[in-house]
Amino acid sequence: MNEKWIDTNTFHHSEFKDIGRLVAAKNEKNLSISLCLPTLNEERTIAKEIVIMKSELMTRYPLLDEIVVIDSGSTDDTRKIARSYGVTVYQADDILPQMEKFKGKGENLWKALYVTRGDIIIYIDADIKNIHHRFAYGLLGPLLLGDRIRFTKAFYDRPIAIGQNKLRPTGGGRVTELVTRPLFSMFMPDMTQFLQPLSGEYAGYRSIFEKIPFHIGYGVETGMLIDIHRKWGLDVMAQVDLDRRVHKNQDTKALGRMAFVIIKTFLNRMETLERMRIQQQIHDEMIQYQLVRERLKPENYLLEQHERPPMIEIPEYRQKFTRTAAGAKVPL
Amino acid sequence: MEDYLNALPTFVHQIRKIREIIISNIVLVGQIPAPTFQERRRAECLVERLSEFNTDECVIDDYGNPVGVLRGTGKEKGAIFIVAHLDTFSKLEADHHYEVTDKIISGVGVSDNSAAVGVLASLPEIFKQLDLTFESDIVLVAPVQSLGKGNLRGIRRLLRAWPGPIRGAICLESVELGRLNYYSSAMIRGVINCSIAAEKQLGRHHTPNAILVINEVINAILGLRLPQKPRTQIVIGKISGGFNHGKIAYDAMIGFEIRSDSDEMVRELYSDIHDIVDGINKSFAVEIKLDRISNLNATLLQHNHPLVKCASRILRRLEVEAVCDPSETALSIFLQNGIPSITIGLTLGENFHQDGAMIEIEPMVKGIAQIPALLMAMDKGACDE
C-alpha cells in the first residue's frame with residue numbers, strides 16, 4: 001500500500017485562497033473551466049450556489065468560464081430560479097435525446113461532458129446549505145498549480161441539518177464508514193486514504209472524465225474512483241479538505257438503498273477487474289420492511305445498475321470536440 | 001445641482017447588473033451569527049470582504065467595530081459615514097443558513113440588519129462600477145453593540161475616538177424601503193425582574209406568584225397618566241415567566257420602553273415606574289428589581305434641512321413614498337453629536353425578528369441607489385446648511 005499518498009496528495013482549501021494566482025495559472029495553461037451543478041428539486045439551495053460561484057469566481061475573478069445546471073426533471077422551481085441568474089440550464093433528457101433515457105445524478109454528470117466546453121470540469125452537489133466559493137477554488141487549486149494532479153475530491157466535516165434551525169454536529173458519511181471503507185480495506189487498501197470517497201464534489205480534466213464509464217446513480221462516485229485509480233494510478237488523484245459541509249439529512253432506509261447500489265457497483269468493478277468471481281446472479285431489488293398495522297410488510301425497490309460508456313466512445317461527442325495541439329479539447 | 005437625481009436611472013441599472021455580488025455579500029456576512037456582544041467573527045468577515053474589494057483602509061477598532069475607509073480626493077473635507085449596525089437579535093446557536101430564490105433572501109436576521117451589512121460590504125464595488133469618486137473620505141462602519149443592552153455603545157465609542165471632522169452620516173437599515181428617519185424620540189428601555197426567594201418556595205400557603213406580582217406592576221404602569229403633548233408612550237414589549245402549568249411561578253419579567261418627544265418626560269415616567277416597583281416590593285415582600293437597559297435623548301434634524309430634502313427628492317424620483325417616523329438607531333448618536341444624519345431603508349421584507357425573516361431582492365436595487373445619490377449630493381455640499 002502506498003501510505004505516503006495521504007501526506008503528499010491531501011490539501012486544504014486555504015492553500016488556494018489566492019484566487020488571482022489560480023486565474024494566472026489557468027491563463028498560463030490556456031485552460032477553460034466549467035462548473036456543473038446536477039439538480040433534482042433543489043429550489044431551496046440552487047440560487048445561493050449559483051449566486052456565490054458566479055459573483056466570486058466569474059464576475060470578480062475570471063476563474064470559471066461557465067456554470068451549467070443539468071436537471072433530472074425537477075417538479076419545483078429549480079430550473080426557473082437557475083435561469084433567472086443567467087446560467088445555462090438543461091434537462092438531462094434533452095441532451096443526446098436519441099439515447100435511452102435514465103434518471104440519476106451520474107446521468108447528469110455524464111451528459112454534462114457533452115454540453116460543457118471546459119478543459120476542466122468541476123462537479124458540485126446542489127443541496128449544500130453552507131455553500132462557499134472555496135468548494136470550487138479548493139478543488140481547482142491542485143489541478144491548476146501543478147502538472148501531476150488530474151482529479152481532486154473533496155472531504156469535510158459533515159454536520160447534517162435536522163429540521164428547522166437545528167444542526168447535528170457529527171454524522172453524515174455513514175455509508176462511507178459502514179460500507180465503502182470496509183470494502184476498500186478488504187480489496188483496495190490504497191483507496192482507504194480517501195477520507196470521504198462518496199463526497200459529491202470533485203473536479204478533473206476532461207481528458208480523464210471522458211475516458212471512464214459513469215454509473216447513472218449512487219454508484220457514480222465509487223465507480224469513478226476505482227476507474228481513475230485503475231487507469232492512471234493514485235498519484236494523479238488528490239483530496240482537498242473543504243472544512244464544513246451542511247446538507248440535508250437522509251433517513252436510514254434511504255441510506256440502505258444507497259449502500260445497496262454502492263456495494264453492487266463495487267462488486268461489479270471487482271468482477272471486471274478479475275479480482276473476484278461471483279457465482280450467482282446479483283438481484284436488482286432491495287427489500288426493506290415496514291410495520292403496517294402490526295404486520296411487517298416488505299417494500300421492494302428496483303435498483304437497476306445502468307452505466308454510461310466512456311463519453312469518448314459516443315460518436316456525437318467525438319464529432320463535437322476536437323483535440324488541440326496542447327491536448328485540451330475545445331468545441332468545434 | 002440635480003446631477004444626483006439625474007444619475008438615479010443609471011445607478012439603478014448598474015446596481016442591478018452586479019446584484020449577484022450584493023447577494024453574495026449578504027449571504028456570506030449574514031450567515032455568520034452576531035448576537036450583541038458576540039459580533040467578532042462577523043466583524044472579521046466584513047473587514048476581510050471590504051479588503052478584498054480594495055477598500056483603502058480596513059481595521060477592527062479597539063472596541064470591535066469593523067471600519068473601512070475609502071480615501072477622498074479633498075484633504076480639507078470632513079468624512080461622510082455610512083453605517084449599518086452589525087449585531088442581530090438572533091441567538092448564536094440558531095441556524096443562520098440563508099435561502100435565496102429569484103425573488104427573495106430569507107434567513108435569521110436578514111431584515112435586521114444583515115442585508116444592510118452585506119450592502120455596506122458591497123459599496124466599494126458599487127462605487128467602482130458607477131465610476132464614482134468623492135472628495136470626502138467615505139467611512140464604512142458596522143458598529144457593534146447597537147441593540148438592547150448594547151445601547152449603541154459601538155457607535156458612541158467610535159465617534160468619541162474619531163480624530164477628524166464628520167460632514168454627515170447615512171444609517172442603513174435593511175427594511176423598509178421608503179423609510180426616512182431624521183429625528184429620534186427620547187427613550188429609556190428597562191426590565192423588571194421578579195423572583196421569589198428560595199425560603200418562600202417550600203410549598204406553604206400563600207406562596208407569592210411572580211407572574212401575579214408582575215401583573216400588579218403592569219396594572220400600575222397602565223394607570224400612569226401620559227400627556228398628549230409632549231407625545232409620550234410606554235410600550236410593554238416583552239414578558240416571560242414561570243416553569244409549567246401547575247407550578248407557582250418563581251420568576252417573571254417584563255421589558256418596557258418609554259418614548260417621548262421630551263427627555264424630561266421620559267425621566268419622570270422612569271422615576272414613576274421606579275416608585276411602583278419599590279411599592280410592590282414592600283407590599284408583596286418579594287425580590288423585584290428594575291434595571292435600565294438603554295437610553296437615548298430626543299434629537300432632531302429639521303424637516304427642511306438640506307439632507308432631509310435631498311433624501312426626500314431621491315425617494316420621489318425613485319417613485320417610492322417616504323415614511324418619516326422617529327428612529328432609535330445610530331442616527332440619534334450622530335444627531336446628539338451635531339452631525340447631520342438620516343436613516344434610510346433598503347428594501348421590503350417580512351417577519352423581521354421571527355423565523356421566516358425575508359427581504360425582497362428587486363426593490364433593493366432602488367434602495368441601494370439612494371446611497372450613491374445621497375453621497376454625491378453630500379460630497380458636493382448640497383446637504384451642508
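From a predicted model like this one, the values you see are computed outputs, not experimental measurements. (Residues numbered from 1 in each chain as written. Chains lettered and ligands numbered in written order. Predicted model: local features only at pLDDT ≥ 70, side-chain atom pairs only at ≥ 80, totals over all residues.)

Concerning the overall build of chain B
Point 1. Within chain B, the regular secondary structure consists of 11 helices and 17 strands.
Point 2. Its C-alpha atoms give chain B a radius of gyration of 23 Å, near enough to 21 Å, the size a compact globule of 385 residues would have.
Point 3. For chain B, the spread of C-alpha atoms along the three principal axes comes to 75 × 45 × 40 Å.
Point 4. Taking all 385 residues of chain B together, 50% fall into the buried category. (Helix = DSSP H or I, 4+ residues; strand = E, 2+ residues; numbered from the N terminus. Rg over C-alpha atoms; globule rule 2.2 N^0.38 Å. Buried ≥ 20, exposed ≤ 12 C-beta atoms within 10 Å, placed from the backbone.)

Let's talk about the overall build of chain A
Point 1. For chain A, the helix and strand inventory stands at 11 helices and 17 strands.
Point 2. Relative to the globule expectation of 20 Å for 332 residues, the C-alpha radius of gyration of chain A, 20 Å, shows essentially globular dimensions.
Point 3. On the principal axes, the C-alpha backbone points of chain A span a range of 65 × 45 × 45 Å.
Point 4. Burial analysis of chain A (332 residues in total) assigns 46% to the buried set.
Point 5. Restricting the contact set of chain A to residue pairs at least 6 apart, pairs at least 24 apart contribute 73%. (Contact = placed C-beta atoms within 7 Å.)

Digging into the domain arrangement of chain B
All names here are of chain B.
Point 1. Considered domain by domain, chain B is made up of domain 1 (3-184 + 298-379) and domain 2 (186-296).
Point 2. A straight line from the C-alpha centre of domain 1 to that of domain 2 covers 35 Å.
Point 3. Between domain 1 and domain 2, the residue contacts involve 7 residues of the former and 8 residues of the latter. (Domains from an automatic or database assignment.)

Focus: the packing of helix 9 (residues 306-317) of chain B against helix 11 (residues 362-379) of chain B
All names here are of chain B.
Point 1. Put simply, helix 9 and helix 11 touch, their axes get as near as 10 Å, and they point 140° apart. Of the possible angle classes, the one that applies to helix 9 and helix 11 is oblique. For helix 9 against helix 11, the interelement crossing comes out right-handed. Contacts between helix 9 and helix 11 involve Cys310, Ala311 and Ile314 on the former and, on the latter, Gln370, Ala373, Leu374 and Ala377.
Point 2. Broken down by class, the residue content of the contact of helix 9 with helix 11 amounts to 6 nonpolar, 1 polar and no charged. (Axes fitted to C-alpha atoms, helices over the stretch in contact; angles between N-to-C directions. Parallel < 35°, antiparallel > 145°, perpendicular 65-115°, else oblique. Left-handed = near helix turned anticlockwise from the far one by under 90°. Nonpolar A, V, L, I, M, F, W, Y, C, P; charged D, E, K, R; others polar.)

Quick word on the confidence of the model for chain B
Point 1. Looking at chain B, pLDDT values average 92 and 97% of them are 70 or higher.
Point 2. Reported for the predicted complex are a pTM of 0.87 and an ipTM of 0.84. (pLDDT = per-residue confidence, 0-100.)

So, the sheet that holds strand 17 (residues 358-360) of chain B
Residue and element names in this part refer to chain B.
Point 1. Pairing is antiparallel across the open sheet formed by 4 strands, whose spatial order is 4-5-17-16. The sheet terminates laterally at strand 4 (99-100) and strand 16 (349-350), the two strands that pair on one side only.
Point 2. Here 2 bridges tie strand 4 to strand 5 (residues 104-106), and the two strands are oriented antiparallel to one another. If you follow Val100 over to strand 5, its bridge partner there is Ile105. (Pairing = 2+ DSSP bridges.)

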